[in-house]
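Residue-level structure breakdown
Here are the chains, one letter per residue:
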Amino acid sequence: MAELAPYIFQQYFLDNGEVNNAGTITAYEAGTVVKKDTFTDAAGGTPNANPFTLATDGRTTFYLESGAYDFVIKDSSGNTLDTKEDVQGGSGSGDNSEQSVATIAALKALVSGSTAYVNVGGYYVNGDGGGGRFYWNSTSSTADNGGTILTPDAAPGTGRWYRVYNEPVDVRWFGAKGDSVLAGSSGTDDYTAISGALAWVNASAGDLYFSRGVYLIGTSFTVAVNSKVIMGQGSAFSSATSKTITFDGLLDCGLQQAFGTNIVASFGEDSIEQAFPEWWGAKADGTVATPETNATDNTTPVQACVDAVGVTKVKFSIGTYLFKGATTVTYRATTSPVGVKLTANTYIEGSGRETIIQSSGTTANGCVPIAADSVDNVGMQNLSIDGNATAQKTDGALTTLAFGVYFWTCTDVSVDNLWISNTSDNTLETILCSRVSYGKTYHFVDRNGTAGGIGGGPQFEDCTEVSVDSVLGDTYDDLVAIIAHSTDITDISIGTITGTSQNARALFIGQSGSAGTVNRTISDI
């Protein structure tokens, strides 16, 4: 007779916290390299392959015969993750020290103390991820918490079933199903199960793991300081109505959608270092050559990321993010939709020139890719802006604002390593701003270098305390323009300007309207 393998070996994780999808386990005679059988059934009638492969959620159930085992656990690429040595197999004696049941309900229905260990196949049904290995603690009177400590149905004053585990707490242990959809329109309300798991994790400053599935919540909840939520691959939250998840503790989540319809995420001071737009459903699936062809409009998910409480840095990955624009900005009676509208104290960071923020490729949907209006402490670095000027401007007449980036009445603005192209107006427009610091910026006309185009480099209007390290480009209009409309421009420092202007100058300094004065320092042109 075989017995169920100790539960601590029944789910496996990679070093980054993700489940060991399609990893392998090889079983050996202890202390040797001779393979030793494990079994698919408690009777020991059907051997497993050796090595055998883990399921997509990193789980497996297997039985051991008598004798001692060594186990080698590897990932799907064959890299060794861990070894377990001298694991004792079944006694074959048929005693009542251990037995198996199908569900948590069946466990609770057992006669109190009838067996020392019980292996449970699932919470509701076998294999649903909520099962595990339990031992009988005859002296405990701790309250039933729904997942790791269970009181038998007979409700004895003392005696509880305790779960055996050494991995992060899985929300399915508490009865969560994760059977909803991102739109939040169907499925089981998992709030009760999640809140029970959170109460246990929050009290012990532990980790709570969400496996693949969409978890519907009918009530807002908070992850406490010193606790951590780990979002497994393919896991997310949704709700039928607006609900808030507050992360005062840590969030560990990869590049995947974690927040579905009606979920509002709020972050504490130290809960995340940076937020990824993918958490809200953004996709870098656009192409520069054929904008909008099978591409996601990222306006709504990225704006949700920027607007989330506690987000100070938005991190974009390599790829092309298409925007059609939603909220608007106005420049001298011309109003335009905006792809990303920055909020105060928010910084955008890409992964280099291959991160592309792209305006839509149609006139009806053209937008300013990034803008900030009357907010402070904003900026961006390490990314490209594609304005799709062909759509923004027709025969020299502006149909929408056609800037690449637009800052209006902002204080403490910083930009570095920014590549901007295909704008039919100035690539980087900065108006009525103060304490502006621009590092290296690159500006190119590309498709708009034709008669009637006015694509130029960065332009500063009525700004103070401006520092520009270097400007490099090939534009149709001025490479750099400094203009005083109605306010004196003071403390302008321009470093190196390199490149060509097809129809104007490397640097233009002038006045317009009720002219102010320009006080500037130019290092090298």
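So, how was this worked out
- Residues numbered from 1 in each chain as written.
- Predicted model: local features only at pLDDT ≥ 70, side-chain atom pairs only at ≥ 80, totals over all residues.
- Heavy atoms only, no water.
- Helix = DSSP H or I, 4+ residues; strand = E, 2+ residues; numbered from the N terminus.
- Buried < 20%, exposed > 50% of the residue type's maximum accessible area, 1.4 Å probe, protein only.
- Areas by Shrake-Rupley, 256 points an atom, 1.4 Å probe, with all protein chains shown as cover.
- Pairing = 2+ DSSP bridges.
- Axes fitted to C-alpha atoms, helices over the stretch in contact; angles between N-to-C directions.
- Expected span 1.5 Å × (residues − 1).
- Arc of directions from axis to C-beta.
- Contact = heavy atoms within 4.5 Å.
- Salt bridge = Lys/Arg side-chain N within 4 Å of Asp/Glu carboxyl O.

**Describing the overall build of the chain**
On a plain count of helices and strands, the chain comes out with 4 helices and 41 strands. For the chain, buried positions account for 52% of its 525 residues. Summed over its atoms, the accessible surface of the chain is roughly 20,700 Å², and 48% of this surface lies on carbon and sulfur atoms.

**A word on the sheet that holds strand 21 (residues 263-267)**
Consider a sheet: its strands pair through backbone hydrogen bonds, and that pairing is either parallel or antiparallel. The strand order across the open sheet built from 3 strands is 16-19-21, with neighbouring strands paired in parallel fashion. Every interior strand has two partners, whereas the edge strands, strand 16 (221-223) and strand 21, have only one. For this sheet the average axis-to-axis angle between neighbouring strands, irrespective of direction, equals 20°. With 3 bridges joining them, strand 16 and strand 19 (residues 243-247) adopt parallel strand pairing. Following the sheet pairing, V223 is matched in strand 19 by F247.

**Focus: the sheet that holds strand 10 (residues 132-137)**
The strand order across the open sheet formed by 5 strands is 8-9-10-12-11, and the pairing between neighbours is mixed. Among the strands making up the open sheet, the edge pair consists of strand 8 (98-101) and strand 11 (149-150).

**Some points on helix 2 (residues 191-204)**
If you check helix 2, its first and last C-alpha atoms are 20 Å apart, about what 14 residues at 1.5 Å a residue would give, namely 20 Å. Taken together, the buried positions of helix 2 are A193, I194, A197, L198 and V201. Take helix 2 and look down its axis: the buried residues cluster within an arc of 125°, on one side only. Away from the buried face of helix 2 by more than 90 degrees, exposed residues T192 and A203 are located. Positive backbone phi, approximately 55°, marks A205, located one or two places after helix 2.

**Examining the side chain of S266**
Note on placement: S266 falls in strand 21. Exposure remark for S266: the relative accessible area of 15% places this residue in the buried category. Among all residues touching S266, those that are not within four sequence positions of it are T244, I245, T246, F247 and V309.

**Focus on the environment of G234**
In this fold, G234 is placed in the loop between strand 17 (228-231) and strand 18 (235-238). G234 sits 24 residues away from A258 along the chain, and the two C-alpha atoms are 8.2 Å apart. If near-sequence neighbours (up to four positions away) are discounted, G234 is found in contact with R212, G213 and Q256.

**With respect to the pairing of strand 2 (residues 24-29)**
As judged from the 2 bridges shared by strand 2 and strand 4 (residues 52-53), these two strands associate in the antiparallel manner. Counted as the bridge partner of T24 is T53 from strand 4. As judged from the 6 bridges shared by strand 2 and strand 6 (residues 68-74), these two strands associate in the antiparallel manner. Note that in strand 6 the partner of A27 across the bridge is F71.

**Notes on unusual backbone geometry**
Peptide bonds are trans in most cases, and residues, glycine excluded, mostly fall at negative phi. A cis amide bond links N50 with the next residue in sequence, P51, at an omega value of 10°. For P51, the position within the fold is in the loop between strand 3 (38-39) and strand 4. Its identity is not glycine, yet S374 carries a phi of approximately 60°, on the positive side. Of note, S374 is situated in the loop between strand 28 (368-373) and strand 29 (376-386). Even without glycine at this site, L432 takes up a positive phi of about 55°. Along the polypeptide, L432 turns up in the loop between strand 34 (428-431) and strand 35 (434-444).

**Things to note about the pattern of salt bridges**
Scanning all chains against the criterion turns up 11 salt bridges. With a closest N to O distance of 3.9 Å, R59 and D57 form a salt bridge. For the pair formed by R59 and D57, the shared burial category is buried. As a salt-bridge pair, K84 and D82 come within 3.3 Å of each other at their nearest N and O atoms. On the accessibility criterion, K84 (25% relative accessible area) is partly exposed.

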